[in-house]
Amino acid sequence: MIIRCDNVTVGYEGAGVARNITFTVNEGDYLCVVGENGAGKSTLIKTLLGLLKPLAGSLERNIGVTDLGYLPQQTVIQKDFPATVEEIVLSGCQNHMHLIPFYRPQDKEKARRNMERMEITPLAKRSYRELSGGQQQRVLLARALCATEKLLILDEPVAGLDPTVTEELYDFVRRFNAEGITIIMITHDMSAIRYASHILSLGAFPFFGTKDDFLQTENGKRLTASGGMTAEAYHA
């Protein structure tokens, strides 16, 4: 078990946003977190990251901050960050630096390897702000991989990307999961759940279980029917 929530309430300053959240993430799982706007998805992720404390319930984490990589939603300011691709990817190693004030050779090698994995090595010296949205997301995913080989938490990773770039990013994430990295992904894109092993639905239609069980629920059928794919495609 990596993460277990039992009747957890999440929120800010004592005001609950989502209540009675119960789920477990095990090693190798691919969990998609779905729900309408305001259901508490991002608040839950901040709680899992340790940025917020649960307002109620029990949260167990058998993983430290140095064992997870986080890909947040991008802001306009972040998209205009004046650094090179290589510098941003390498910054993912900072959690492992401890008191050492400089990057070690193994950190630079890890950055190089993860740029290769994300197929962005030719962009290493380019300014991040000059890249397309899809290229920027590849850079940030390479950065997250430098932070961990155990757990990736992705918050709306394909927001604003075109369909081709979206599929490319999903394929990278699927491959990393197949290599043994546990995935937690917040998404509004229901096509993303075809790769998931488990679904957590927050809001008016709470659910936690396998993807196949979710697809048999009325809410699952409703959401997937609006996703623009055949029912069989969600079992990919």
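Residues numbered from 1 in each chain as written. Predicted model: local features only at pLDDT ≥ 70, side-chain atom pairs only at ≥ 80, totals over all residues. Heavy atoms only, no water.

(A) Geometry of the overall build of the chain. Across its full length, the chain holds eight helices and nine strands. Here the C-alpha radius of gyration of the chain, 18 Å, is about what a compact globule of 236 residues would show, namely 18 Å. Based on the C-alpha atoms only, the size of the chain along its principal axes is roughly 50 × 40 × 30 Å. A total of 236 residues make up the chain; the buried ones form 47% of that total. Across the chain, every contact between residues at least 6 apart in sequence was considered, and the portion connecting residues at least 24 apart equals 67%. Working note: accessible area of the chain is about 11,600 Å², and carbon and sulfur atoms make up 52% of it. The centroid of the 25 positive side-chain charges in the chain is displaced by 4 Å from the centroid of its 28 negative side-chain charges. (Helix = DSSP H or I, 4+ residues; strand = E, 2+ residues; numbered from the N terminus. Rg over C-alpha atoms; globule rule 2.2 N^0.38 Å. Buried < 20%, exposed > 50% of the residue type's maximum accessible area, 1.4 Å probe, protein only. Contact = heavy atoms within 4.5 Å. Areas by Shrake-Rupley, 256 points an atom, 1.4 Å probe, with all protein chains shown as cover. Lys, Arg positive; Asp, Glu negative; His and termini not counted. Charge placed at Lys NZ, Arg CZ, Asp CG, Glu CD.)

(B) The sheet that holds strand β2 (residues 15-25), seen in detail. Taken together, three strands build an open sheet; the order of strands is β2-β1-β4 and the sheet is antiparallel. Two strands in the sheet have a free side with no partner beyond their single neighbour: β2 and β4 (56-61). Looking at each pair of strands side by side, their axes are set apart by 35° on average, direction ignored. Together, β1 (3-12), β2 and β4 form the strand contacts of helix α1 (residues 41-48), whose direction differs from that of β1 by roughly 115°. (Pairing = 2+ DSSP bridges. Axes fitted to C-alpha atoms, helices over the stretch in contact; angles between N-to-C directions.)

(C) Highlighting the sheet that holds strand β9 (residues 207-210). Pairing is mixed in the open sheet, where six strands are placed in the order β5-β6-β7-β3-β8-β9. Each end of this open sheet is capped by a strand with a single partner; those strands are β5 (68-71) and β9. Taken over all neighbouring pairs, the strand axes of this sheet differ in orientation by 15° on average, direction set aside. Bridge count for strand β8 (residues 198-201) against β9 is four bridges, and the pairing is antiparallel. Looking at the pairing, His-198 lines up with Thr-210 of β9. Strand contacts of α1: β3 (30-34), β5, β6 (151-155), β7 (182-186) and β8, with the helix running at about 145° to β7, the strand carrying the most contacts. Helix-sheet contacts for helix α5 (residues 133-147) involve β5 and β6, and the interaxial angle to β5 is about 160°.

Geometry only, nothing functional implied.
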